[in-house]
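# Chain and residue survey
Okay, here's what each chain looks like letter by letter:
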Amino acid sequence: AVGALIAWGAVVLGIGAPTLAFLTGSAPRRALLMACLGVYVAGHIASALASDYAGVMTARLLMIAAAAVYTPQAAGAVALMVPEQRRAAAVAFVFM
């Protein structure tokens with residue numbers, strides 16, 4: 001059961017990240033990042049309060065989809081915020 005959470009999460013991340021990046025590419029970055037964080041927080045709360053496995057699975061998959069959008073957008077945003085000589089470290093920090 002736990003393995004299915006991880007396996008389906010990997011599927012959502014692998015398929016969702018490029019697809020969602022394409023679909024949200026023209027959205028305002030700040031609003032997109034805030035919305036993703038909101039979905040991520042709501043997913044954790046829903047996951048903690050879920051009464052059955054299906055609820056946990058649904059909440060986890062939504063959280064992973066939000067993270068699939070958030071991470072590359074955050075890396076792009078931080079790369080634009082820091083001086084060129086610190087860009088690599090800043091992007092690496094996002095992925096830690």
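Scroll up to find the structure this text is about.
None of the values given here were measured: they were computed from a predicted structure.

## Digging into the overall build of the chain
- Looking only at helices and strands, one finds 4 helices and 0 strands in the chain.
- Counted from the first residue to the last, the chain has its helices and strands arranged as α-α-α-α.
- Expressed along its principal axes, the backbone C-alpha trace of the chain runs to roughly 50 × 25 × 25 Å.
- By residue count, 27% of the 96 residues in the chain fall in the buried class.

## What about helix α2 (residues 29-49)?
- Over its 21 residues, α2 runs 30 Å from end to end, which matches the ideal 30 Å to within 8%, given 1.5 Å per residue.
- The secondary structure elements touched by the buried residues of α2 are α3 (53-81).

## Examining the environment of Tyr40
- Tracing the sequence through the fold places Tyr40 in helix α2.
- The residues contacting Tyr40, other than those within four sequence positions of it, are Met63, Ala66 and Ala67.

## So, the environment of Pro72
- Structurally, the position occupied by Pro72 is in helix α3.
- Judged by its relative accessible area of 41%, Pro72 is partly exposed.
- When the C-alpha positions of Pro72 and Gly16 are compared, they lie 12 Å apart, and in sequence the two are 56 residues distant.

## A short note on the side chain of Thr24
- By the secondary structure assignment, Thr24 is in the loop between α1 (2-23) and α2.
- Among the polar contacts listed, one links the side chain of Thr24 to the backbone oxygen of Leu20, at a separation of 2.6 Å.
- Sequence-distant contacts of Thr24, defined by excluding residues within four places in its chain, comprise Leu32 and Val69.

## Some remarks on the packing of α2 against α3
- Contact geometry of α2 with α3 gives a least axis separation of 8 Å together with a crossing angle of 150°. Overall, the two elements α2 and α3 adopt an arrangement that is roughly antiparallel. Crossing geometry of α2 relative to α3 is assigned as left-handed.
- Split by residue class, the contact of α2 with α3 holds 18 nonpolar, 5 polar and 2 charged.

## Looking at the packing of α1 against α3
- The interhelical angle for the contact between α1 and α3, taken along N-to-C directions, is 35°, at an axis separation of 8 Å. Like other packed secondary-structure pairs, α1 and α3 cross with a definite hand, here right-handed. Packed against α1, whose contacting residues are Ala4, Leu5, Trp8, Gly9, Val12, Leu13, Gly16, Ala17 and Leu20, the element α3 presents Tyr53, Val56, Met57, Arg60, Leu61, Ile64, Ala65, Ala68 and Val69 at the interface.
- Class assignment for the residues of the contact of α1 with α3 results in 15 nonpolar, 2 polar and 1 charged.

Rules used in this analysis
Residues numbered from 1 in each chain as written. Predicted model: local features only at pLDDT ≥ 70, side-chain atom pairs only at ≥ 80, totals over all residues. Heavy atoms only, no water. Helix = DSSP H or I, 4+ residues; strand = E, 2+ residues; numbered from the N terminus. Buried < 20%, exposed > 50% of the residue type's maximum accessible area, 1.4 Å probe, protein only. Expected span 1.5 Å × (residues − 1). Contact = heavy atoms within 4.5 Å. Polar contact = N/O pair within 3.5 Å; in protein donor to acceptor, adjacent residues only side chain to side chain. Axes fitted to C-alpha atoms, helices over the stretch in contact; angles between N-to-C directions. Parallel < 35°, antiparallel > 145°, perpendicular 65-115°, else oblique. Left-handed = near helix turned anticlockwise from the far one by under 90°. Nonpolar A, V, L, I, M, F, W, Y, C, P; charged D, E, K, R; others polar.

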